[in-house]
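# Structural overview for review
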Amino acid sequence: MPHALPPGPLVIGLPGPRLTPADRGLLLEPAIGGVILFERNFEDAAQLAALCADIHELREPRLLIAVDQEGGRVQRLKPGFTVLPPAAAYGRAHDRDAALGLALARAGGLVMAAELTALGVDLSFAPVLDLDYGVSDIIGARAFHADAATAAALAGAFMAGMGEAGMAACGKHFPGHGAVAADTHLTQVIDERPREAIDTDLLPYRRLFAEGLQSVMMAHVLFPAVDAQPAGFSRRWVEDILRGELGFDGAVFSDDLGMAGAAGAGDFAARTRRALDAGCDYVLICNDPDAVRIALPVAAGRPAPQRRHRALLAHPAAAQAQLASARDVLAARST
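Residues numbered from 1 in each chain as written. Predicted model: local features only at pLDDT ≥ 70, side-chain atom pairs only at ≥ 80, totals over all residues. Heavy atoms only, no water.

## Describing helix α3 (residues 87-96)
With seven of ten residues buried, α3 lies mostly within the body of the structure. Here α3 has its buried residues at Ala87, Ala88, Ala89, Tyr90, Gly91, Ala93 and His94. (Buried < 20%, exposed > 50% of the residue type's maximum accessible area, 1.4 Å probe, protein only. Helix = DSSP H or I, 4+ residues; strand = E, 2+ residues; numbered from the N terminus.)

Structure below.
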């Protein structure tokens, strides 16, 4: 029988493709709310399905299982999965034929989500809503387009495809990572633009919120025109702007607290506390078991909202019948 435990705010990485007794004990900690998968957790479809089932059987509500499966260079699970194009491929198709670009984006979202939900994965951290300003190597082709309205339309189509497969969507990296060259994985990143310029990056979020976007991931980018803290540690960004000005009522994730862009917030206890105090519902610690142990007591007693948590759990739909044709569309047209 699953343990009845409300979900905690920590979403953590696991060391291997199967649960060890130590993993099981850790996942029963009340502060844990989910797992994020990486290549190290994957051998083949049967193994992944068994791993997801083992994780889901531990608790009720079940733990969230997430992965980065955007397409292009950010696709954690590959052997046996469709090789997905980068988001920019949908943008290039849209420039040639708007209807084609939107159809491809919807097919891409459906294929990605249907393949994952069939094996027990709840959420892919997609779509990327950053704009391609032509300066960021870490974003680059992960962005749908340079034009905010076009990016919003394509991301909305991708999200609709995900929804057809029973998967929620997560827009990232709020409020935007595309206008700076530096990479938050490697260093602190500062975007010096005035607030009115940053507002352009918010347009895809406004559009997708109106279409039912269920979650957002924060950027570890500092915007001095708005606040002295990086967005993921900023109550001004999360509570005042995201929730207040934009009216977003879904789940909010931090980006990985192990990234260099988060290091200025202090040790992992301080990073966890500051992300939660800013208003994040979930904090990610992807690759550092010692950091998870440090964060556990900080996150204890701060459960994620159950309504938001349940909205992120996948509900596999009838999209399997459409999967083959959607794969064909991608294979033939997204070049």
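## A look at the packing of helix α5 (residues 148-164) against helix α6 (residues 195-210)
Interhelical geometry of α5 versus α6 gives an angle of 35° and a closest axis separation of 9 Å. Taken as a pair, α5 and α6 cross one another with a handedness that is right-handed. Contact residues: α5 offers Ala148, Ala149, Ala152, Ala155, Gly156 and Met159, while α6 offers Thr200, Leu203, Pro204, Arg207 and Leu208. When grouped by side-chain class, the residues that make up the contact of α5 with α6 number eight nonpolar, two polar and one charged. (Axes fitted to C-alpha atoms, helices over the stretch in contact; angles between N-to-C directions. Left-handed = near helix turned anticlockwise from the far one by under 90°. Contact = heavy atoms within 4.5 Å. Nonpolar A, V, L, I, M, F, W, Y, C, P; charged D, E, K, R; others polar.)

## Some points on the nonpolar core
Among the nonpolar cores identified, the biggest contains 93 residues, and Leu27, Phe174 and Met218 are the most heavily contacted of them. Here the element with the most residues in this core is helix α4 (residues 98-117); it accounts for ten residues. Excluding anything up to four places from it in sequence, methionine 218 contacts His173, Phe174, Ala231, Gly232, Trp237, Val238, Leu242, Val252, Phe253, Ser254, Asp255 and Cys280. (Core = buried A, V, L, I, M, F, W, Y, C linked by side-chain atoms within 4.5 Å.)

## Here we look at the side chain of glutamine 47
In this structure, glutamine 47 sits in helix α2 (residues 45-56). Not counting the four nearest positions on each side in its chain, glutamine 47 is found in contact with Pro17, Arg18, Asn41 and Phe42.

## Regarding the pairing of strand β13 (residues 251-256)
β13 sits mainly inside the fold: six of its six residues count as buried. Here two bridges tie β13 to strand β14 (residues 282-285), and the two strands are oriented parallel to one another. Across the sheet, the residue bridging to aspartate 256 is leucine 284, located in β14. Chirality of the crossover, the property in question, places the unit of β13, helix α8 (residues 268-278) and β14 among those that are right-handed. (Pairing = 2+ DSSP bridges. Right-handed = clockwise from strand over helix to strand, strands pointing away.)

## Observations concerning the sheet that holds strand β3 (residues 32-37)
In space, the eight strands of this open sheet follow the order β8-β5-β3-β2-β14-β13-β11-β9, with parallel pairing throughout. The sheet is open, and its two borders are formed by β8 (123-124) and β9 (170-174), each paired with just one other strand. In terms of strand pairing, β3 meets strand β5 (residues 64-67) through four bridges, oriented parallel. When the bridges of β5 are listed, isoleucine 36 appears paired with alanine 66.

## A closer look at unusual backbone geometry
For the bond from glutamate 60 to proline 61, the omega torsion is 0°, close enough to zero to count as cis. Residue position: proline 61 is located in the loop between β4 (59-60) and β5. A cis geometry characterises the amide bond from lysine 172 onward to histidine 173, with omega recorded as 5°.

## So, the pattern of salt bridges
Scanning the entire structure with this criterion turns up 22 salt bridges. With a shortest N-O distance of 2.7 Å, arginine 62 and aspartate 122 are connected by a salt bridge. A residue pair is termed long-range when its members are at least 10 positions apart, and arginine 62 in the loop between β4 and β5 and aspartate 122 in the loop between α4 and β8 qualify at 60 residues. Linking arginine 76 and aspartate 68 is a salt bridge whose minimum nitrogen-to-oxygen distance equals 3.7 Å. (Salt bridge = Lys/Arg side-chain N within 4 Å of Asp/Glu carboxyl O.)

## Concerning the packing of aromatic side chains
In total, this model carries eleven aromatic pairs according to the counting rule given. Seen from their ring centres, phenylalanine 42 and phenylalanine 81 are 5.6 Å apart, and the 65° between their planes marks the pair as edge-to-face. Highlighted residues: phenylalanine 42 in the loop between β3 and α2 and phenylalanine 81 in the loop between β7 (74-75) and α3, separated in sequence by 39 residues. This pair shows no difference in class: phenylalanine 42 is buried, exactly as phenylalanine 81 is. Ring plane angle 90° and centroid distance 4.9 Å describe the contact between phenylalanine 174 and tyrosine 205, whose orientation is recorded as edge-to-face. With phenylalanine 174 in strand β9 and tyrosine 205 in helix α6, this pair connects stretches of sequence that are 31 residues apart. You can call tyrosine 205 buried: its relative accessible area is 0%. Among the aromatic residues, ring-to-ring pairing joins Phe174, Tyr205, Phe209, Phe223, Trp237 and Phe248 into one connected group. The ring of phenylalanine 268 has arginine 271 lying over it, and the distance from NZ or CZ to the ring centre is 4.3 Å. Seen from the ring of phenylalanine 233, arginine 274 lies directly overhead, with NZ or CZ sitting 5.7 Å from the centre. (Phe/Tyr/Trp six-rings, centres within 6.5 Å; stacked < 30°, edge-to-face > 60°. Lys NZ or Arg CZ within 6 Å of the ring centre and 35° of its normal.)

## What to know about the environment of alanine 168
Inspection of the secondary structure puts alanine 168 in the loop between α5 and β9. Taking relative accessible area as the criterion, alanine 168 reaches 3% and is therefore assigned buried. It is 17 Å that separates the C-alpha atoms of alanine 168 and leucine 37, two residues lying 131 residues apart in sequence. Leave out the neighbours within four places in its chain, and alanine 168 touches Leu123, Met162, Gln214, Ala311 and Leu312.

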